[in-house]
Amino acid sequence: MSDFIDELRIHCFAGKGGNGCVSFRREKYIAFGGPNGGDGGHGGSVILVSSSKYKSLTHLRSRKHIKAESGKHGSGSQKTGRGGEDVLIGLPLGTCVYDADHPSSPMIVDMQSEGQQYTIASGGVGGLGNIRFKSSVNRAPRRATEGKEGEDIRLRLELKVMADVGLLGLPNAGKSSLLRQVSQATPKVADYAFTTVKPYVGVVKSGPYDVFVMADIPGLIEGASKGLGMGDKFLRHLQRCEMLLHVVDATQDIDEQIRLIREEVTAYGHGIVEKPIWIVLNKIDLIMSDEIDLDAIKKQYQCKVFEISAKEGDGCSELVKAISEYIHA
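Residues numbered from 1 in each chain as written. Predicted model: local features only at pLDDT ≥ 70, side-chain atom pairs only at ≥ 80, totals over all residues. Heavy atoms only, no water.

**Student:** Honestly, the sheet that holds strand E14 (residues 305-307) in this entry has me stumped. Any pointers?
**Tutor:** Pairing between the strands of a sheet is mediated by backbone hydrogen bonds and can be parallel or antiparallel. With respect to topology, six strands assemble into an open sheet ordered E10-E11-E9-E12-E13-E14, the strand pairing being mixed. Since the sheet does not close on itself, it has two edges, and those belong to strand E10 (200-205) and E14, each with one partner. Adjacent strand axes in the sheet meet at a mean angle of 25° when their direction is disregarded. Of the strand pairs in this sheet, strand E13 (residues 277-282) and E14 are connected by three bridges, and their pairing is parallel. Bridge assignment links leucine 281 to a residue of E14, and that residue is glutamate 307. Along the sheet, helix H1 (residues 175-182) makes contact with strand E9 (165-168), E10, strand E11 (211-216) and strand E12 (243-249), crossing E11 at roughly 155°. Here helix H2 (residues 254-268) sits on the sheet and contacts E9, E12 and E13; the angle it forms with E12, its principal contact strand, is near 140°. (Pairing = 2+ DSSP bridges. Helix = DSSP H or I, 4+ residues; strand = E, 2+ residues; numbered from the N terminus. Axes fitted to C-alpha atoms, helices over the stretch in contact; angles between N-to-C directions. Contact = heavy atoms within 4.5 Å.)

Below is the structure:
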């Protein structure tokens with residue numbers, strides 16, 4: 001799990017403004033040259049930038065303190081100090097930014113679109129040189145001001161994967177196999193529980209121009225909302241999904257699997273259980289065709305039900321077509 005981080009805290013410091021300068025013009029044959037001290041440069045800002053090239057927050061793991069450059073001091077001949085360079089922090093799409101020192105405060109910004117920028121800490125204003133204080137009654141001011149301190153803020157970054165369709169299910173139900181079958185994603189597949197230990201995202205093509213994004217999260221077990229197994233912390237990645245697919249192992253107790261997952265999702269909250277949830281009965285290649293009463297399942301759970309074999313590909317094209325029609329309706 002070390003290669004995937006979806007929650008992180010960082011401390012951002014904007015640069016301090018440079019000080020203004022006290023200086024006077026000194027030239028031959030000019031007895032009273034007057035003030036010519038320049039202003040200090042502005043401090044650099046810390047700017048958040050969202051980009052699809054980042055898949056998690058791992059690249060920020062060793063950057064817990066991020067500082068922008070301070071502005072340079074002003075100098076004589078009315079020279080303004082150079083402004084400090086801004087620092088850009090790249091974030092994956094779907095990153096929610098919160099004030100870590102005020103947990104109850106609302107979210108600061110949701111980085112959802114490619115190239116979105118947000119100045120999270122503004123650099124300090126540069127100080128004024130003494131030329132700024134020249135007046136008719138004060139021809140030779142010896143006053144300048146110091147640059148202002150830049151803003152600093154502690155942030156909590158929380159990544160929520162951007163996907164149209166999310167996959168729910170118990171460990172080994174076949175979620176990863178389904179994602180492999182319908183997209184180019186390559187999540188780990190094996191015959192033991194918890195092969196998926198981080199979210200995987202795949203782009204599914206349902207036609208020449210119709211595509212949607214599907215996300216596979218680690219499987220839930222009974223008691224996940226209380227921290228058992230891998231817990232329910234990965235459920236946040238389903239909050240943005242337009243719809244969910246509950247992948248069920250058709251060779252096991254179907255009702256028990258559906259009950260268990262829905263109880264854990266309901267306990268987690270955050271609106272996930274209110275989303276459209278379709279049931280996908282997987283591994284139908286391992287059972288007899290008349291072992292499942294589809295009509296009874298549809299009537300009981302009031303949703304669409306599909307039969308597939310993620311391993312063999314049976315029924316997957318029909319499922320993809322139905323999802324595409326729903327999403328692009």
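**Student:** Where do I start with the environment of lysine 311 in this structure?
**Tutor:** Mapped onto the elements, lysine 311 comes out in the loop between E14 and helix H4 (316-327). Placed 28 residues apart in sequence, lysine 311 and lysine 283 show a C-alpha to C-alpha distance of 7.6 Å.

**Student:** Honestly, the sheet that holds strand E2 (residues 46-51) in this entry has me stumped. Any pointers?
**Tutor:** If you walk across this open sheet you meet the three strands as E4-E2-E7, and the pairing is mixed. Since the sheet does not close on itself, it has two edges, and those belong to strand E4 (87-92) and strand E7 (117-121), each with one partner. Averaged over all adjacent pairs, the angle separating strand axes in this sheet is 30°, with direction ignored. In the sheet, E2 pairs with E7 via four bridges, with the strands oriented antiparallel. For valine 49, the partnering residue across the bridge sits in E7 and is glutamine 117.

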